[in-house]
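Residue strings, one per chain:
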Amino acid sequence: MIVVGTAKNAGKTTTFNALRAVAQRRGVAVAVTSIGRDGEPSDALDAEPKPRVRLAPGTLVALPAGLVPRSPALAILERGGESALGTVVFARVVLPTRCEIAGPPTARAMRATIDRLRALGAGPVLVDGAIDRVAPLAGGDDAVILATGAASGATVARVAAAAADAVARLTLPGRDPAREFDEVVHLGGALDARDAEELLANPRDATVVVDDPTRVVVRGALLARLRAAFDLRCERALRVVACTTSPVGRDASLAPRALVEAVARATGLPTFDVVADIAA
Amino acid sequence: MNADATSAARIGLDWLRTAVAPVGAFGRRHDDARAPYGPGDEARAHDEIAGVVALAAQLDRDGVPRARAALRAVPEPTPIVARARVGDPLSDVDFYELGRFVDAVAAVARAWDAAGGDTARRPPALDALRTLLAPGREGAGFYLADAFAPGLRAARETLAAEETAFETRREAIAARVRDAIGIDPAGDEFVVLRDVYDGPLPDDVLVVRETPTYRAAALRVVAPARDAALARLADEEEAARRALAEQVAREADAVAAATDVLGALDRTLARVAFAQRWGGCVPSFGGTQLAFTEATFAPLADALAARGRRYTPVTLALDGVAVLTGPNMGGKSAALATAGFVCACAALGVPPPARAAALPLLGAVTWIGGEGPEDCARLLSSYAAEVVRARETLAAATPRALVLVDEFARTTGPREGRALLVAFVEALRARGAFALVATHFDGVARAAGVAHLQIAGLREHALNALDANDLDAALDAINAAMDYRVVAAHDGEAPSDALALARLLGLGDDVVARARALHDAR
């Protein structure tokens, strides 16, 4: 299960911690890792305060050797690949601890890390992720949760629109021969604005296929026009199952309930404020 | 043995270095610390090569790659141990890596035994280090277990109890808050929506931030005992790590000795694998000859094998300087390269892939002929490049140098070119260097007063019977018809078989016929 955000400080780690807490309450041992660096007290780029990742006994974690907390000690199980912060190690939490988590930088290495965490433990794997790096999960049965909030818009309407746009891209349907047109256009790389304009110059009954949803870099109205004009699909789909909202941003504080309801309406997905305990 | 980039490439020295490169960090370090054998190192070179040849016969052929794979998997403990020696703190990941090292060394020892290796070269067991780390090792992992220090268990039990007490206290406060405002204060932070509750918050609630629609809050749970337990555990764990690191430091010599053994074994097994692949002999050193019987220029043999072709081993005896003539495509360049390659093997402690060899240990090998990368960088023409290399070679030539000359002066006028070559060969002879000089010029050996060797060449009448439809078939046919042996030459015109080969390689019959007429008329 991977949590991605529509913007920095959209509430990813808060959502991640909420999932971990639910698992703990239910007695389910989880495994955790991160795409990028998370769990540090403040954001490395903009110094915004960030929640640290709390890990309960029995939790499996993949993190760089340099981020392994010195106390309480973790049980080191084995080593993985390299990351920007050093060799990734797999460890098990023995006593409750809080730590930073970072994972490998590449999609392939992240896939290998997730697979190894699955092999080492029986429970779900939670990944604090990034929206442009979810490709390793495409084509599998992993669930994606989209975190959004005031960090991605100054009004409820803007946040909801940003969430809807992200969900529209991430929920690109997979291949379905029964529903596809005879003409299938394969795009090897990214579907960018230039590709979109070329396609829209000659609208027709055709299926346009990209490798996975992260290859679609057009958004907003252009993406909507493209989806209206073509049957847009991907080889390996993602499974986006829910959204979470954070009403607090650096420049705005939004009404929590209104935000949850607006995002649920805009995305058509179950939406939660895991701090205010609101669902829609 | 010095060889510039061009020479190293031509004699297969680069290929050889790659072929016998160690697979692990210790082996690479061991190799880097050993200079190639040169003049004066004959006894050491002999001992190493003899050892490799003996091991190649003794060790199981499947076991050697397994032992090398085990060597490749050994992690590097040296920086960790060095930090321990100077008193730097070690981490649990460091102890885990040391445990991996101990296990990996044991795996190498098992693989070595399975390959049929002797006890003298067997990596040490590192029992003391293994015992040190044992309390923390479950399987391949590591945990700073209670057994490492007397205070650890108590500190952990205290912390666990304080965590439970903290949760109990927090839950009690949460229940009071729930009763007071009707909101469940779950998680580190919780939100109090103003449209749900806008009254005063209990004293146990700390407001983190406020907006017109909600207040974000956290429970004020003071837990000095838990904080103290955390601090005590941190102290106990650090003390345990310090004590363990001090004990690791005392094993530094054993670890260094083990890495030395691994490094030497890695170097040796690389050579054994080479010898098992290519065969090899123990050369005799110290004579005045550079001679070998049925030697294989392995880089070429490897390339030919990849194309399904067979390499013909070369036999050669060189007393000082010799001129080598023979037909095009007869293997003159390969013979030169083989001489250099065999000497390179000896310099690196590798059994030369030959049935027998009597070799000098050389100070330098130089290849002259054609342009190398250095010549291109100097913006020299082919002729200028050759002359400059010849000048530099003569300036440095000694009796412990091998000079391989491949059709020197072929890009200039033949009369002046031949004269220049004769003079160059005389100069090499005067300096006492070993030299093998391939050329199509006639009468060079006799004019310079040196031995004349030749490639035996196309077997009699064989070429007339050959016909081929494409290049591959032509090369196969030439390969079958060519006698690649190096033999003593008769005086007279150096054979080239150039016209017959041109016909076989597809140059038009009319062109070849015209060329033959012109040649015969001369």
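Each remark here, short or long, concerns the structure printed above.
The structure reproduced in this document is the subject of the present report. This is a predicted model, so every value here is computed, not measured. (Residues numbered from 1 in each chain as written. Chains lettered and ligands numbered in written order. Predicted model: local features only at pLDDT ≥ 70, side-chain atom pairs only at ≥ 80, totals over all residues. Heavy atoms only, no water.)

1. As for the packing of helix α9 (residues 152-181) of chain B against helix α10 (residues 224-250) of chain B
Residue and element names in this part refer to chain B.
- Running from amino to carboxyl end, α9 crosses α10 at an angle of 155°, the nearest separation of the two axes being 9 Å. Between α9 and α10, the angle is such that the two are roughly antiparallel. Viewed along their axes, α9 and α10 form a crossing whose handedness is left-handed. Of the residues in α10, those touching α9 at Leu152, Ala154, Ala155, Arg156, Thr158, Leu159, Glu162, Glu163 and Phe166 are Ala225, Arg226, Ala229, Leu230, Arg232, Leu233, Glu236, Glu237 and Ala240. (Axes fitted to C-alpha atoms, helices over the stretch in contact; angles between N-to-C directions. Helix = DSSP H or I, 4+ residues; strand = E, 2+ residues; numbered from the N terminus. Parallel < 35°, antiparallel > 145°, perpendicular 65-115°, else oblique. Left-handed = near helix turned anticlockwise from the far one by under 90°. Contact = heavy atoms within 4.5 Å.)

2. Focus on the pattern of salt bridges
All names here are of chain B.
- As enumerated under the stated definition, the model contains 49 salt bridges over all chains in all.
- With its nearest N and O atoms 3.8 Å apart, the salt bridge here joins Arg85 to Asp253. Taken as a pair, Arg85 in helix α6 (residues 78-85) and Asp253 in helix α11 (residues 252-278) lie far apart in primary sequence, 168 residues in all.
- By relative accessible area, which is 57% here, Asp253 ends up exposed.
- When the shortest N-O distance is used, the salt bridge between Glu238 and Arg241 registers 2.8 Å. In this pair, Glu238 and Arg241 are both assigned in helix α10, three residues apart and thus about one turn of the helix distant.
- Residue Arg241 is classed as buried on the basis of its relative accessible area of 2%.
- What emerges from the salt-bridge pattern is a single network uniting Asp31, Arg34, Glu48, Arg267 and Arg271. (Salt bridge = Lys/Arg side-chain N within 4 Å of Asp/Glu carboxyl O. Buried < 20%, exposed > 50% of the residue type's maximum accessible area, 1.4 Å probe, protein only.)

3. A word on the nonpolar core
- The biggest cluster of nonpolar side chains holds 77 residues, and the ones touching the most others in it are B:Phe101 and B:Val248.
- A per-element tally of this core places helix α7 (residues 92-114) of chain B first, with 11 residues. (Core = buried A, V, L, I, M, F, W, Y, C linked by side-chain atoms within 4.5 Å.)

4. A look at the pairing of strand β2 (residues 205-210) of chain B
- Here five bridges tie β2(B) to strand β3 (residues 214-219) of chain B, and the two strands are oriented antiparallel to one another. Along β3(B), the bridge assignment pairs B:Glu210 with B:Arg215. (Pairing = 2+ DSSP bridges.)

5. Thoughts on the sheet that holds strand β8 (residues 356-359) of chain B
- Here four strands make up an open sheet; going across it, the order is β4-β8-β5-β6 (chain B) and the pairing mixed. The open sheet has two edge strands with one neighbour each: β4 (284-285) and β6 (314-318) of chain B.

6. So, a nonpolar patch on the surface
Residues and elements named next belong to chain B.
- Taken together, Met329, Leu471 and Leu505 make up a surface patch of nonpolar side chains, about 260 Å² in accessible area.
- Along the chain, Leu505 turns up in the loop between α19 (498-504) and α20 (509-521).
- Residue classification places Leu505 among the partly exposed positions, given a relative accessible area of 38%. (Patch = residues over 30% accessible without salt bridge, like charges linked within 9 Å, V, L, I, M, F, W, Y side chains within 5 Å. Areas by Shrake-Rupley, 256 points an atom, 1.4 Å probe, with all protein chains shown as cover.)

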